[in-house]
Amino acid sequence: MVNFTILAGGYTSFVASYLFNSDTNALTLLNQSPTGANPSWISLHPTNKSILYAVNEDSPGALQSFLVGKNGLLSNPIDTISSQGNSPAFTTPLSTGQVAIMNYDTGNGMIVPTEPHNPLEFSSNHPLITFNAPVSHPHMALEHGSEVFVPDLGADKIWRLVEDGAPGKFRIQGQIEQPKGSGPRHIATRGNMLFTVHELASTLTQQLIPPAPNGTTPLIANFSILPPGLPQGSAMAGAEILITEPSPHFPEPFVYVSNRNTGVQDPRGDAIAIFRIEPKLSLVGFVYTGLDQIRGMQLGGPEKEFLIASGVAGNGGVIMLKRTEGGRNLTLLTRNLEVPTRTSFVWLD
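Residues numbered from 1 in each chain as written. Predicted model: local features only at pLDDT ≥ 70, side-chain atom pairs only at ≥ 80, totals over all residues. Heavy atoms only, no water.

(A) Quick peek at the overall build of the protein chain. Check the secondary structure of the protein chain and you find zero helices and 30 strands. A globule of 349 residues ought to have a C-alpha radius of gyration of about 20 Å, and the protein chain, at 19 Å, matches this closely. Within the protein chain, the fraction of its 349 residues that count as buried is 58%. Here the protein chain displays about 13200 Å² of accessible surface, and carbon together with sulfur accounts for 52% of that area. Between the centroid of the 20 positive side chains of the protein chain and the centroid of its 27 negative side chains there is a distance of 5 Å. (Helix = DSSP H or I, 4+ residues; strand = E, 2+ residues; numbered from the N terminus. Rg over C-alpha atoms; globule rule 2.2 N^0.38 Å. Buried < 20%, exposed > 50% of the residue type's maximum accessible area, 1.4 Å probe, protein only. Areas by Shrake-Rupley, 256 points an atom, 1.4 Å probe, with all protein chains shown as cover. Lys, Arg positive; Asp, Glu negative; His and termini not counted. Charge placed at Lys NZ, Arg CZ, Asp CG, Glu CD.)

(B) The arrangement of the layout of surface pockets in detail. For the largest pocket, the calculated volume is near 1100 Å³. In terms of lining residues, the largest pocket is bounded by 35 residues, among which T92, L142, L242, Q298 and K304 are the most central. When residues of the lining of the largest pocket are assigned to their parent elements, the largest contribution, five residues, is made by strand 22 (residues 236–244). Tallied by class, the residues present in the lining of the largest pocket amount to 19 nonpolar, eleven polar and five charged. (1 Å grid on protein atoms, 1.4 Å probe; cavity = no way out; pocket = protein on both sides within 12 Å on 5 of 7 lines; lining within 4 Å. Points joined across faces, edges and corners; volume = space filled by probe spheres on them. Nonpolar A, V, L, I, M, F, W, Y, C, P; charged D, E, K, R; others polar.)

(C) Highlighting the sheet that holds strand 4 (residues 42–44). What the four strands build is an open sheet, ordered 4-5-6-7; its pairing is antiparallel. With one partner strand each, in any of the chains shown, strand 4 and strand 7 (79–82) form the two edges of the open sheet. Strand-to-strand twist of the sheet, defined as the mean angle between neighbouring strand axes without regard to direction, takes the value 20 degrees. Sheet analysis places strand 4 next to strand 5 (residues 51–56), joined by three bridges and oriented antiparallel. Within the sheet, the bridge partner assigned to S43 lies in strand 5 and is Y53. (Pairing = 2+ DSSP bridges. Axes fitted to C-alpha atoms, helices over the stretch in contact; angles between N-to-C directions.)

(D) The arrangement of the packing of aromatic side chains in detail. A complete count under the given rule lists nine aromatic pairs for this structure. Considering the side-chain rings of F4 and W347, the 5.6 Å spacing of their centres and the 75 degrees angle between planes classify their relative orientation as edge-to-face. Placement of the pair is F4 in strand 1 (residues 3–9) and W347 in strand 30 (residues 344–347), with a sequence separation of 343 residues. Assigned by exposure class, F4 and W347 land together as buried. (Phe/Tyr/Trp six-rings, centres within 6.5 Å; stacked < 30°, edge-to-face > 60°.)

(E) Here's a closer look at the environment of G238. If you trace the backbone, G238 turns up in strand 22. Apart from residues lying up to four places away in sequence, G238 is in contact with R185, V197, H198, E199, S202, I225, S258 and R260. (Contact = heavy atoms within 4.5 Å.)

(F) Representation of the pairing of strand 3 (residues 26–34) within the structure. Pairing of strand 2 (residues 14–21) with strand 3, which is carried by eight bridges, proceeds in the antiparallel orientation. By the bridge assignment, A16 is partnered in strand 3 with Q32. Joining the antiparallel neighbours strand 2 and strand 3 is a turn of four residues, in which N25 adopts a positive phi near 60 degrees.

(G) Here's a closer look at the sheet that holds strand 28 (residues 318–324). What the four strands build is an open sheet, ordered 26-27-28-29; its pairing is antiparallel. The open sheet is flanked by strand 26 (297–300) and strand 29 (329–336), the only strands paired with a single partner. On average, each strand axis in the sheet is inclined to that of its neighbour by 25 degrees, with strand direction left out of account.

(H) Here's a closer look at the side chain of S40. Locating S40 in the fold gives a position in the loop between strand 3 and strand 4. Residues in contact with S40, not counting those within four places in the same chain, are G9, G10, Y11, V55, E57, P88, R295, T343 and S344.

(I) Looking closely at unusual backbone geometry. With an omega of 0 degrees, the peptide bond between A212 and P213 qualifies as cis. Here P213 is to be found in the loop between strand 20 (203–208) and strand 21 (219–224). We note that S87 has phi near 55 degrees; this positive angle belongs to a residue other than glycine. Within the element layout of this structure, S87 appears in the loop between strand 7 and strand 8 (88–93). For S87, a relative accessible area of 11% puts it in the buried group. Although it is not a glycine, S202 sits at a positive phi angle of roughly 50 degrees. Residue position: S202 is located in the loop between strand 19 (193–198) and strand 20. Overall, S202 belongs to the buried group, its relative accessible area being 4%.

(J) Looking closely at the pattern of salt bridges. Tallying each qualifying case throughout the model produces ten salt bridges. A salt bridge links D266 to R268, with the shortest nitrogen-to-oxygen separation between them at 2.6 Å. Salt bridges here are not isolated pairs; linked through shared partners, they connect R185, E199 and R260. (Salt bridge = Lys/Arg side-chain N within 4 Å of Asp/Glu carboxyl O.)

(K) Structural context of the environment of P119. Structurally, the position occupied by P119 is in strand 12 (residues 118–122). As a C-alpha pair, P119 and W159 span 40 residues in sequence and 26 Å in three-dimensional space. Excluding its chain neighbours within four sequence positions, the residues that come into contact with P119 are H45, I51, Y53 and T114.

(L) Examining the nonpolar core more closely. Residues L63, I111, V148, V150 and L161 are the most contacted members of the largest nonpolar core, which totals 35 residues. Those elements giving two or more residues to this core turn out to be strand 5, strand 9 (99–103), strand 10 (108–112), strand 12, strand 15 (147–152), strand 16 (157–163) and strand 17 (170–177). Of the residues forming this core, the biggest block, four residues, is contributed by strand 9. Setting aside chain neighbours within four positions, we find V150 in contact with M102, F131, P138, M140, A141, K157, I158, W159 and L161. (Core = buried A, V, L, I, M, F, W, Y, C linked by side-chain atoms within 4.5 Å.)

Structure (structure tokens):
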């Protein structure tokens, strides 16, 4: 028997923890840990899985740290700081020990140092980073080498940040332009390749990472992620992107992209689009989930063979899928309905 503990954030005032038994395919709700308002995005410390960071996606917003205990139960918040903006929709720690948080509604963000030898405590030295665009909605931060990439859904850019002399002090050194009106939301890199999910255009694009600071490269691929047979009145928006690497049971790399239907719902629920990466990016197919607006999903297991997902609306609960056919398909294993919606996940095991 192999058990996995998974934490799940959402638009509530708690983080839920689940136990997944991969022998029986049982997904059990273990507990609900109180937090600040709307811990919609959560992330683990990169080397210490007993430390969790969570946004409070509120106005004004906040960043919190927690200790993770037995069965995924969280401590009371260890530290809480203002995000200095509204509706922070994303946080992630960097390899340097700093923690990025991006304010969707106010077009700014911070990269916050933690205290030496105590990653639970945030430093006070973290100037606000303002993205200078007529409309700015920063939606993610991704560390790439010495840079931090920030896709901006409102500005149709991916900002390139670099540390400016000291931890917590970052400057915008340039940007990677994206198709106008596309709304870049989340990104992933693989080697020298950049993959972008565009919320407004419902597309997945691939391009070489341009030279800094303001280099440009053409799109190598530009695919719709929309499933066929959508009902009239549907309103689609791309959301999450996950990339898997080859492993013994999955010899090819794949990209998995989630759709969100904010309009008239499809009886099949939202779909996850699956793309083969090699020899070139190509659409494999769609898997329907019975979920309403998949905002976050996450892979887990020794070979990233399991995928957990939920919707931000409706009552579809939390589902566990298994990658099958070498990664070309996803099979539903189980669904837990005790908490109707969740928005982000981290695997503790």
